[in-house]
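Examination of the molecular architecture
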Amino acid sequence: MRRPLIAGNWKMHFTVPEGLEYALRLRREVERYASAVDVVILPPAVMLWEIANALRGCPIEIGAQNAAWEDQGPFTGEISPKMLAGWCHYVLIGHSERRQLFNETDEELNRKLQAALRHRLKVILAVGETLDEYEAGRTAEVITRQLDAAVYGVELESPIDLSIAYEPVWAIGTGRAATPDYANETMGLIRRLLEKSFKRLASEMRILYGGSVTPANARSLMEQSEIDGALVGGASLKAPDFTQIIQATVEVVQSQRV
Ligand code: PGA
């Protein structure tokens, strides 16, 4: 099994003091699992710096939920990968809310991905089909288009620099997670697409599942051969739930070692 990665996407939740307090609570509860899994939290940009300082020396890593494709310039409201470089570890690119609500295109996401890697940020690239696409049996076509476009021309130095989060849009925030078999099958396709672009690095790249991951379904998802972790939204906002998801992942890792 590849070393799992559990990422908590806070989206637009918490004030700065609340986020800081919550990060410190996670530090106490989650730190002990960090030898077996990589744990990343993705707080809103306004509190990233504060939380980075509060977690200094702690194995929990932090990431931004988005970053621009340019280093600087007249882009009101944006933050650039150059601003994150050196202290922020990860950036999430291509979340379906960015694609749908902010009209981010495949081409823009490709530029964002290249810019983030240039600044040595580790990227979690999200892909996933909508309900209509799912019902029309177009999942493979949509995933292929999104992934091929996003990684076009991208070269990786290390397989851990890029992880893919497969998030069926119909599973996000709905309480209706994909079945482990369905997720695993689509993630198998993602692995084959990565092999096409990144050759032998693909076998070491991590593919995460996202969409209504909870303590109740975490174990059955993590047991799948292609699932190397999770991108967790709602359940990452509650410390006991997020901790249990991490704990379930550690248990799966340990059971596979014996
Ligand atoms: P959810 O969100 O866990 O609340 O479904 C996942 C995500 O949007 O990354």
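Residues numbered from 1 in each chain as written. Predicted model: local features only at pLDDT ≥ 70, side-chain atom pairs only at ≥ 80, totals over all residues. Heavy atoms only, no water.

**What to know about the sheet that holds strand S4 (residues 90-93)**
Ordered in space as S1-S2-S3-S4-S5-S6-S7-S8, the eight strands form a closed barrel in which the pairing is parallel. In this sheet, adjacent strand axes meet at a mean angle of 25° when their direction is disregarded. Judged from the five bridges that link them, strand S1 (residues 5-9) and strand S2 (residues 38-42) form a sheet pairing that is parallel. Looking at the pairing, Gly8 lines up with Ile41 of S2. Along the sheet face, helix H5 (residues 106-118) touches S4, strand S5 (122-127) and strand S6 (162-166) and points at about 175° away from the line of S4. (Pairing = 2+ DSSP bridges. Helix = DSSP H or I, 4+ residues; strand = E, 2+ residues; numbered from the N terminus. Axes fitted to C-alpha atoms, helices over the stretch in contact; angles between N-to-C directions. Contact = heavy atoms within 4.5 Å.)

**Focus: the pairing of strand S8 (residues 229-232)**
Here S8 shows two buried faces, one formed by Gly229 and Leu231 and the other by Ala230 and Val232. Of the pairings in the sheet, the one linking S1 to S8 comprises four bridges and is parallel in character. For Ala7, the partnering residue across the bridge sits in S8 and is Leu231. The parallel pair strand S7 (residues 207-210) and S8 is bridged by helix H9 (residues 215-222), and the resulting crossover is right-handed. (Buried < 20%, exposed > 50% of the residue type's maximum accessible area, 1.4 Å probe, protein only. Right-handed = clockwise from strand over helix to strand, strands pointing away.)

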